[in-house]
Amino acid sequence: MVFIFGVNFGEHKLVKKALERFYSLGPQKSARILARHYIHPRAKVGSLQPKTVTALTAELSTMVLESDARKLVVDNIKRLRDMNSYRGRRHAMNLPVRGQNTRNQIENARKLNRVERAG
Amino acid sequence: MPVPNSLRCLVRPSTGLPVSIPRTAASLGVPSAGLLGTPLLAAASFSTTSSRSEGASGIAKNHHRGGKKTFTVKKKAFVLERGKSPLPGERKAYRKRIILSNDNALAVPWLTDLGPAELSNENNVARVMGIPEEVQDQLRASEAFKTTQCWRMFRKPAVLVRKETVDLTRRMDRAAQNNEMLRLVVTGDKVAGKSLMLLQAMTHAFLNDWVVIHIPEAQELTTACTEYAPIPNTDPLQYMQPVYALKLIQAIKKANEKVLSKTFTRNAHPHLPQNIPANTPLLTLANVAKESEAAWPVFQSLWAELTAQGVARPPILLSIDGLAHMMKISDYRTPAFDLIHSHDLALVRLFANAFGGGLKLPAGGAVIGATSRSNAPRCPSLELAVSRREVEQRIEASSKAAGSGSGAETTATATEEVPQRDPYFRGYDDRVEAVLRSVEVLRVGAIDKNEARAVMEYWAASGMFRSVVDTKTVTEKWTLGGNGVLGEMERASLLSMRM
């Protein structure tokens, strides 16, 4: 088991997938982080040197991740709401924001488009 | 005197107490005949139902009236019987295993083993010859055998000596004699025997005490599946692949044990994990690489020693299969997220340098690369360079022939033009073209009918080909196999029964 940024990962997990476990890190960002540390894309967590793990943790600690990143999303929506923009109002009403039809198929919008969005 | 049984009839019946009074008698409060010890079962009406025929004992059991009882079959959780799943790595080991011997195949009595000069002897063309045990181990250590080849069908590995083989090995010998470097690309159609040609070159090298450094699949180096790290103080920045280097050193060590133990270091190598003084066998130096951290410095030292000028050194054969993979931009990334060119990977660069003519070996040697038709990324520069060199070689040969007097071929090739770059295509790679500018190209073509006959006689003698080998069958299989493409002939005659 290897600790990266306070999370325990199994030896056989791909480093790329381990990074993508953190909210706000997707395929693009994780690929770039790998390149920055000379880790090949198919590297497993178990094969990392301890100093690479430390460097990864150090890099992740400078990034906006997890609850901070979620808060950022919420803040952005809140800003829209506060300035009373159309998008903000649509968020507040749990309705599609980008001009979709609302006759049916708006389940995801109902779930996700809120001012206090979960994630 | 009260009988205990009669008192018992006053006790509240429960399941724990077996009471031997029939329901009717108990409800009437009549002391039954049970007191006298007569069998009570006689009072129960006859029934075939087991609950009824139990008689009085039924009372105690059924005095609780439950709800309606329904017969429900409990649904069993569905368990899929999978058997024992293979351990991690077991499947891959099974897939990658190399079987070189088949006890069910007949031993071929006339099969002789290869000697040091056999592969370059013209008289051996169209003969099948066995690979000696020792060389088998060496070839196996350097991963020259592949799973796609049919070694597992025969009693022992044997190869067909072809015209191309003799040509190739002679060029190798000439290079070693003149302390030069043979730079050669083996190309040809699908399953024509390019990898086998590489294997024959390696066999020849092993038999003649060369040092062989073989990369079985160039894609292992360039498809970003092994670790990489920058080499400090290099300009332009190069990258080492420590894990692969370790694997390579171990293969070199195992395959070339005999030669390396007879070759000694010229300089001391104090910077390695284990101090190596001058005049130590190279085998000891190679043994220093135990972990991947030390692998690259050890490889560098080993290579520096092998190429050291002014001391007795064996010739070196560098061979690589899947050439197109090393002639492309690799899948590795720089910290700036740019793709790294394969030739910036130090191990590949070593080969590229050798192909380009920038490598001087003390005792000569060869660098041979085989292209692949099945697993190869598109590499227009490689294709162009190979076709260009082929035409240039033909023109050179015809001009030589013209110089020696026979002018018949000159007219045939004079019309040929050296292929040029397509001006409207952008995918060429200058670095690749620079590397392949002056290599020799050996095209592995179809075998002729003599060779076909030799190889089919070997198949028949091994019991793998079950019909008479005569001109008709040879011609038939030769034709079926795309006019003598060896792999296709193998498919047509040996693998046709494969389930």
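Note that this is a predicted model, so its numbers are computed, not measured.

## As for the overall build of chain B
A tally of regular secondary structure across chain B gives 21 helices and eleven strands. A buried classification covers 46% of the 499 residues belonging to chain B. If you take every contact in chain B between residues at least 6 apart in sequence, the share linking residues at least 24 apart comes to 73%. Of the roughly 26900 Å² of accessible surface on chain B, a fraction of 54% belongs to carbon and sulfur atoms.

## A word on the confidence of the model for chain B
All names here are of chain B. Here chain B shows a mean pLDDT of 87. Residues at 70 or above account for 84%. Ignoring residues within four places in sequence, the model shows residues 16–22, a span with pLDDT below 50, making 14 contacts including any to other chains. Taken together, the stretch residues 24–42 has pLDDT below 50 and engages in 16 contacts with residues farther than four places along the chain or on a different chain.

## A word on the domain arrangement of chain B
All names here are of chain B. Domain boundaries assigned for chain B yield domain 1 (115–379 + 437–444), domain 2 (380–428) and domain 3 (449–497). A C-alpha centroid distance of 29 Å is found between domain 1 and domain 2. Contact residues are listed per partner, giving 14 residues for domain 1 and nine residues for domain 2. For the pair domain 1 and domain 2, the summed buried surface comes to about 990 Å²; carbon and sulfur atoms form 53% of the total. Considering only the side of domain 1, the residues that lose the most area to domain 2 are Arg378, Cys379 and Val441, jointly responsible for 52% of the buried surface there. Taken together, the links from domain 1 to domain 2 amount to two salt bridges. Taking the shortest distance from any N to any O, the salt bridge between arginine 378 and glutamate 383 comes out at 3.3 Å. For the pair domain 1 and domain 2, the number of links is six residue pairs in polar contact (both at pLDDT 80 or more). Among the elements that take part in the side of domain 1 that touches domain 2, strand 11 (residues 440–444) stands out by supplying three residues, more than any other. Grouping the constituent residues of the side of domain 1 that touches domain 2 by class yields seven nonpolar, three polar and four charged.

## Observations concerning the nonpolar core
All names here are of chain B. Of all hydrophobic cores here, the largest spans 65 residues; its most connected members are Leu318 and Met326. If you tally residues by element for this core, the top one is helix 15 (residues 346–356), at eight residues. Both domain 1 (115–379 + 437–444) and domain 2 (380–428) contribute no fewer than three residues apiece to this core. Contacts of leucine 318, omitting those with residues within four sequence positions, involve Met181, Ile213, Trp303, Leu350, Phe351, Ala354, Leu359, Ala366, Val367 and Ile368.

## Here's the deal with the packing of aromatic side chains
Within this structure, the stated rule accounts for eleven aromatic pairs over all chains. Arranged with centres 4.5 Å apart and planes meeting at 45°, the rings of Tyr228(B) and Tyr332(B) form a pair that is tilted. You can see Tyr228(B) sitting in the loop between helix 9 (219–222) and strand 5 (229–231) and its partner Tyr332(B) sitting in strand 8 (residues 329–333), a full 104 residues away along the chain. An identical accessibility class is assigned to Tyr228(B) and Tyr332(B); each is buried. Joined through ring pairs, the aromatic side chains of Tyr38(A), Tyr228(B), Tyr239(B) and Tyr332(B) make up one cluster.

## Describing the interface of chain B and chain A
Across the boundary between the two partners, chain B contributes 15 residues, which contact eleven residues of chain A. Approximately 1100 Å² of surface area, both sides summed, lies buried where chain B meets chain A, with 59% of it carried by carbon and sulfur atoms. The largest per-residue losses of area from chain B upon contact with chain A belong to Tyr228(B), Pro335(B) and Phe337(B), which jointly make up 47% of the total buried on that side. Summed over the shared surface of chain B and chain A, the number is zero salt bridges. Across the contact surface, chain B and chain A share two residue pairs in polar contact (both at pLDDT 80 or more). Of the residues that constitute the side of chain B that touches chain A, the class distribution is nine nonpolar, three polar and three charged.

## With respect to the environment of Pro41(A)
Structurally, the position occupied by Pro41(A) is in the loop between helix 2 (27–36) and helix 3 (50–61). The partly exposed category is assigned to Pro41(A), whose relative accessible area is 37%. The spatial distance from the C-alpha of Pro41(A) to the C-alpha of Ser30(A) is 9.5 Å, given a sequence separation of eleven residues. When sequence neighbours within four positions are dropped, the list of residues in contact with Pro41(A) reads Leu14(A), Lys16(A), Leu34(A) and Ala224(B).

## Details of the pairing of strand 4 (residues 211–215) of chain B
All names here are of chain B. With five of five residues buried, strand 4 lies mostly within the body of the structure. Neither face of strand 4 is open: one carries Val211, Ile213 and Ile215, the other Val212 and His214, and all of them are buried. Here five bridges tie strand 4 to strand 7 (residues 316–321), and the two strands are oriented parallel to one another. Each bridged residue has a counterpart across the sheet, and for isoleucine 215 the counterpart in strand 7 is isoleucine 320.

## Some points on unusual backbone geometry
Peptide bonds are mostly trans, and most non-glycine residues show a negative phi. The linkage connecting Asp235(B) with the following residue, Pro236(B), adopts the cis geometry, with an omega of -5°. Topologically, Pro236(B) is positioned in the loop between strand 5 and strand 6 (238–240). Even without glycine at this site, Gln105(A) takes up a positive phi of about 55°. Position of Gln105(A) relative to the elements: it lies in the loop between helix 5 (86–92) and helix 6 (107–112). You can call Gln105(A) exposed: its relative accessible area is 76%.

## Structural notes on the pattern of salt bridges
Counted by the stated rule, this structure contains 33 salt bridges over all chains. With a shortest N-O distance of 3.6 Å, Arg70(A) and Glu66(A) are connected by a salt bridge. Here Arg70(A) pairs with Glu66(A), and both are found in helix 4 (residues 66–82), just four residues apart, close to one helical turn. Between Arg421(B) and Asp430(B) there is a salt bridge, with its nearest N and O atoms 2.6 Å apart. Given a relative accessible area of 53%, Asp430(B) falls into the exposed group.

## Looking at the side chain of Asp344(B)
Residue and element names in this part refer to chain B. The residue aspartate 344 is located in the loop between strand 9 (339–341) and helix 15 in this model. Reaching out from aspartate 344, the side chain makes a polar contact with the side chain of arginine 349 at a distance of 3.3 Å. Among the polar contacts listed, one links the side chain of aspartate 344 to the side chain of arginine 431, at a separation of 2.9 Å. In contact with aspartate 344, not counting residues within four places along its chain, are Leu237, Gln238, Tyr239, Arg349 and Arg431.

Cut-off values and rules
Residues numbered from 1 in each chain as written. Chains lettered and ligands numbered in written order. Predicted model: local features only at pLDDT ≥ 70, side-chain atom pairs only at ≥ 80, totals over all residues. Heavy atoms only, no water. Helix = DSSP H or I, 4+ residues; strand = E, 2+ residues; numbered from the N terminus. Buried < 20%, exposed > 50% of the residue type's maximum accessible area, 1.4 Å probe, protein only. Contact = heavy atoms within 4.5 Å. Areas by Shrake-Rupley, 256 points an atom, 1.4 Å probe, with all protein chains shown as cover. pLDDT = per-residue confidence, 0-100. Domains from an automatic or database assignment. Buried area = accessible area lost by both parts, 1.4 Å probe. Salt bridge = Lys/Arg side-chain N within 4 Å of Asp/Glu carboxyl O. Polar contact = N/O pair within 3.5 Å; in protein donor to acceptor, adjacent residues only side chain to side chain. Nonpolar A, V, L, I, M, F, W, Y, C, P; charged D, E, K, R; others polar. Core = buried A, V, L, I, M, F, W, Y, C linked by side-chain atoms within 4.5 Å. Phe/Tyr/Trp six-rings, centres within 6.5 Å; stacked < 30°, edge-to-face > 60°. Pairing = 2+ DSSP bridges.

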